[in-house]
Amino acid sequence: MTAADLFPHILIVSRRTVRKNKFVDFVGEYHLDLIVRYGAVPVILPRVSGMDKFLDSFQPIHGVLLCEGEDIDPSLHETKSPSSLSPEELDEIKKLHAGDTALDKEKDLIEMKLVKLCLERGIPYLGICRGSQMLNVACGGTLYQDIGTELSKKCPSGHTVKHINYDDYDGHRHIIKVVENTPLHNWFEGSINKENMEILVNSYHHQGVKSLGKRFVPMAFAPDGLIEGFYDPEAYNPQEGKFLVGLQFHPERMRLQPNSYEFDYPGCATVYQEFVKAATAYQKKVSTSSYVPNPVPVKKEMEKSKIKLVRSFSLKKESELEALAEFLESNTVSGFRQDQMRLRLIQMGATVRNSSSYIKKKLNEDKEIIEKNMVGAMSIGQQLSNLMCASNA
């Protein structure tokens, strides 16, 4: 067993910048060193074109951390809540926030697929800043394209908030009011002003949650009403490997000194500690052979496919063999079971995606060899015994 097998893997998507006239991918070390400090391995996924097709190659994934980046493509959420901004206002926003308004659709694509993967498999997820916005959009929420234009101007006097300070990136702070009996309250409980439930946080954003996805509960608000943190109560229990949280502010930047582990509040580090705890528990959970994430209710169509699958083990008919490939490709098969069956096919040089064409080709070349290999491989797959039992019931 290698060291990598002992610690959970946290996937983090890089951000792109230009250095010496070339694109360079990077991730802020403040995130990385906290992940390492609490016992996980950060795995950086480059935002390279086409990388969204290789997400399964990064397995095992025990947690996903998505953090800062450019504005999310408005087309991903504006269909649910069209912006009321005029062309003139949009132009002014682009001038004021030139470094953030340049869209990165490739990063959007990769991160959206990652969020959905986490939702499907129950993988622990922590979204910071843009990462919280991506989580909200993926779950049906919407965003303000510009807080200053759409929200701040409508606030009563004394309630406006400066969410971004280009002259004091790390030192900037503003008030948030924490909601009681939420994870955020638990993390910062010893530091919160009990009279008003407030703490000071660092933020660097001009967009934010407009309408919150239905599954989420707010954990904090800024004085202007902007949601600064949220979570899914049904998907939060670090001890059981559950963690689905979005924070608009930056706990990793709230350090008393640059590169130190002394924070404004102990809760800043606790956020990452609890996230890694969830990833560790998830790792243990998926390592057990009995664990199947998000079991799919059995339907009549699936029962028929199971019967065909069992019969196809004999490999006497090419049509029945095709049924096996079709069943493996079906979306009704859970991700975990599909991964197991994919491994069996890989032993023969096939993949789930090309299994049908591969098997046809090999049958034509040498049917006897394929029959021997397939039967041998499937006899190993004891995990599929429940499928055969279901078909005989």
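What you see is a predicted model; the values in this text were computed from it and never measured.

Moving on to the overall build of the protein. Within the protein one finds 14 helices and 13 strands. For the protein, the share of sequence-separated contacts (at least 6 apart) that also reach a separation of at least 24 residues comes to 72%.

Glancing now at the pattern of salt bridges. The final tally for this structure, using the stated rule, is 14 salt bridges. When the shortest N-O distance is used, the salt bridge between arginine 173 and aspartate 264 registers 2.7 Å. Highlighted residues: arginine 173 in the loop between helix H7 (147-150) and strand S8 (174-178) and aspartate 264 in the loop between strand S13 (244-247) and helix H9 (267-287), separated in sequence by 91 residues. Judged by its relative accessible area of 23%, arginine 173 is partly exposed. When its relative accessible area of 27% is taken as the criterion, aspartate 264 is described as partly exposed. What emerges from the salt-bridge pattern is a single network uniting Lys107, Asp108, Glu111 and Arg130.

Here the focus is the packing of helix H2 (residues 29-37) against H9. One can describe the packing of H2 onto H9 by two numbers: an axis separation of 9 Å at closest approach and a directional angle of 55°. On the basis of the axis angle, H2 is oblique to H9. When the axes of H2 and H9 are compared, the crossing they make is right-handed. When H2 is examined against H9, the residues His31, Leu34, Ile35 and Arg37 are found in contact with a partner set consisting of Ala269, Tyr272, Phe275 and Val276. Across the contact of H2 with H9, the residue classes tally to six nonpolar, one polar and one charged.

Reading across from one edge, S4-S1-S5-S6-S13-S12-S11-S8-S9 is the order of the nine strands in this open sheet, with mixed pairing throughout. A single partner strand is all that each edge strand has here, and the edge strands are strand S4 (41-45) and strand S9 (198-201). Direction aside, the axes of adjacent strands within the sheet are offset by 25° on average. Relative to strand S6 (residues 125-128), H9 is tilted by about 150°, and along the sheet it contacts strand S1 (9-13), strand S5 (63-66), S6 and S13.

Scanning the model with the defined rule gives 10 aromatic pairs in all. Ring centres of tryptophan 187 and phenylalanine 243 lie 6.1 Å apart, and the angle between their planes is 10°; this geometry places the pair in the stacked category. Placement of tryptophan 187 in helix H8 (residues 183-187) and of phenylalanine 243 in the loop between strand S12 (227-231) and S13 is noted, with a sequence separation of 56 residues between them. Each member of the pair, tryptophan 187 as well as phenylalanine 243, is classed as buried. An aromatic cluster of at least three residues, connected via ring pairs, comprises Trp187, Tyr231, Tyr236, Phe243 and Phe275. Here arginine 255 stacks its cationic end above the ring of tyrosine 30, 4.0 Å away from the centre of that ring.

Quick look at the side chain of aspartate 71 now. Along the chain, aspartate 71 falls in the loop between S5 and helix H3 (87-96). For the buried residue aspartate 71, which engages in no salt bridge, the nearest side chain bearing the opposite charge is arginine 130, 7.1 Å off. In this structure the side chain of aspartate 71 is engaged in a polar contact, spanning 2.9 Å, whose partner is the side chain of histidine 206.

Next up on the list: the confidence of the model for the protein. Here the protein shows a mean pLDDT of 76. Residues at 70 or above account for 67%. In the predicted structure, residues 327-360 sits below a pLDDT of 50 and forms 58 contacts with residues beyond four places in sequence or in another chain. Of the regions scoring below 50 in pLDDT, residues 369-393 engages in 37 contacts with residues more than four places distant in sequence or in other chains.

One recurring pattern in soluble globular proteins: nonpolar side chains tend to sit buried together. Counting residues in each nonpolar core, the largest one holds 40 residues, and the members touching the most others are Leu65, Leu126, Leu184, Trp187, Phe188, Val245 and Leu247. No other element matches the eight residues that H9 contributes to this core. Beyond its immediate sequence surroundings of up to four residues, leucine 247 is in contact with Gly127, Ile128, Cys129, Ser132, Leu184, Trp187, Met219, Glu228, Gly229 and Val271. The next biggest cluster of nonpolar side chains, apart from the first, holds 30 residues, and it includes Ile110, Cys118, Met134 and Phe230.

Another point: the environment of isoleucine 44. Examined against the element boundaries, isoleucine 44 turns out to sit in strand S4. Owing to a relative accessible area of 41%, isoleucine 44 belongs among the partly exposed residues under this scheme. Separated by 12 residues in the primary sequence, isoleucine 44 and leucine 32 place their C-alpha atoms 9.5 Å from one another. Sequence-distant contacts of isoleucine 44, that is, excluding residues within four places in its chain, are made with Ile12, Ser14, Val27, Leu32 and Phe58.

All right, on to the pairing of S1 then. Within S1, five of the five residues are buried, which leaves it mostly tucked inside the rest of the structure. Neither face of S1 is left uncovered, since the one carrying His9, Leu11 and Val13 and the one carrying Ile10 and Ile12 both have all their residues buried. Judged from the five bridges that link them, S1 and S4 form a sheet pairing that is parallel. Residue pairing in the sheet places histidine 9 in a bridge with valine 41 of S4.

What counts and what doesn't
- Residue indices begin from 1 for each chain and proceed along its sequence in written order.
- The predicted origin of the model limits local features to residues at a pLDDT of at least 70 and limits the giving and counting of side-chain atom pairs to 80 or more, whereas totals for whole chains, interfaces and linings rest on all residues.
- Derived side-chain values reflect all non-hydrogen atoms in the structure, with water molecules and hydrogen atoms excluded from consideration.
- Labels follow the DSSP assignment, with helices taken as runs of H or I lasting at least four residues and strands as runs of E lasting at least two, numbered in each case from the N terminus.
- Residues count as neighbours in contact if any of their non-hydrogen atoms are within 4.5 Å of one another.
- Counted as salt bridges are all cases of a side-chain nitrogen of Lys or Arg within 4 Å of a carboxyl oxygen of Asp or Glu.
- Burial classes: relative accessible area under 20% of the type maximum marks a residue as buried, over 50% as exposed, and values in between as partly exposed (1.4 Å probe, protein chains only).
- Note on definitions: angles span 0 to 180 degrees between N-to-C directions of axes, and those axes are lines fitted to C-alpha atoms, for helices only across the stretch in contact.
- Here roughly perpendicular refers to angles of 65 to 115 degrees, roughly parallel to angles under 35, roughly antiparallel to angles over 145, and oblique to all remaining angles.
- What makes a crossing left-handed is the near helix being turned counterclockwise from the far one by less than a right angle; a clockwise turn instead makes it right-handed.
- Under the convention adopted here, Pro, Cys and the residues Ala, Val, Leu, Ile, Met, Phe, Trp and Tyr are nonpolar, Asp, Glu, Lys and Arg are charged, and Gly plus all remaining residues are polar.
- For two strands to be treated as a pair, DSSP must find no fewer than two bridges joining them.
- Each Phe, Tyr or Trp ring (for Trp, its six-membered ring) is paired with any other whose centre lies within 6.5 Å, and the angle between the two planes then decides the class: stacked below 30 degrees, edge-to-face above 60, tilted in between.
- Each ring is checked for a lysine NZ or an arginine CZ that lies within 6 Å of its centre and within 35 degrees of its normal; such an atom marks a charge sitting over the ring.
- Under the convention used here, Asp and Glu are negative, Lys and Arg are positive, and both His and the chain ends fall outside the count.
- Under this definition, polar contacts are N or O atom pairs within 3.5 Å; protein pairs additionally need one hydrogen-donor-capable and one acceptor-capable atom, and for neighbouring residues in sequence, both atoms have to be side-chain atoms.
- Known as pLDDT, the predictor's per-residue confidence is scaled from 0 to 100.
- The definition of a nonpolar core used throughout is a set of buried Ala, Val, Leu, Ile, Met, Phe, Trp, Tyr and Cys residues joined through side-chain atoms within 4.5 Å.

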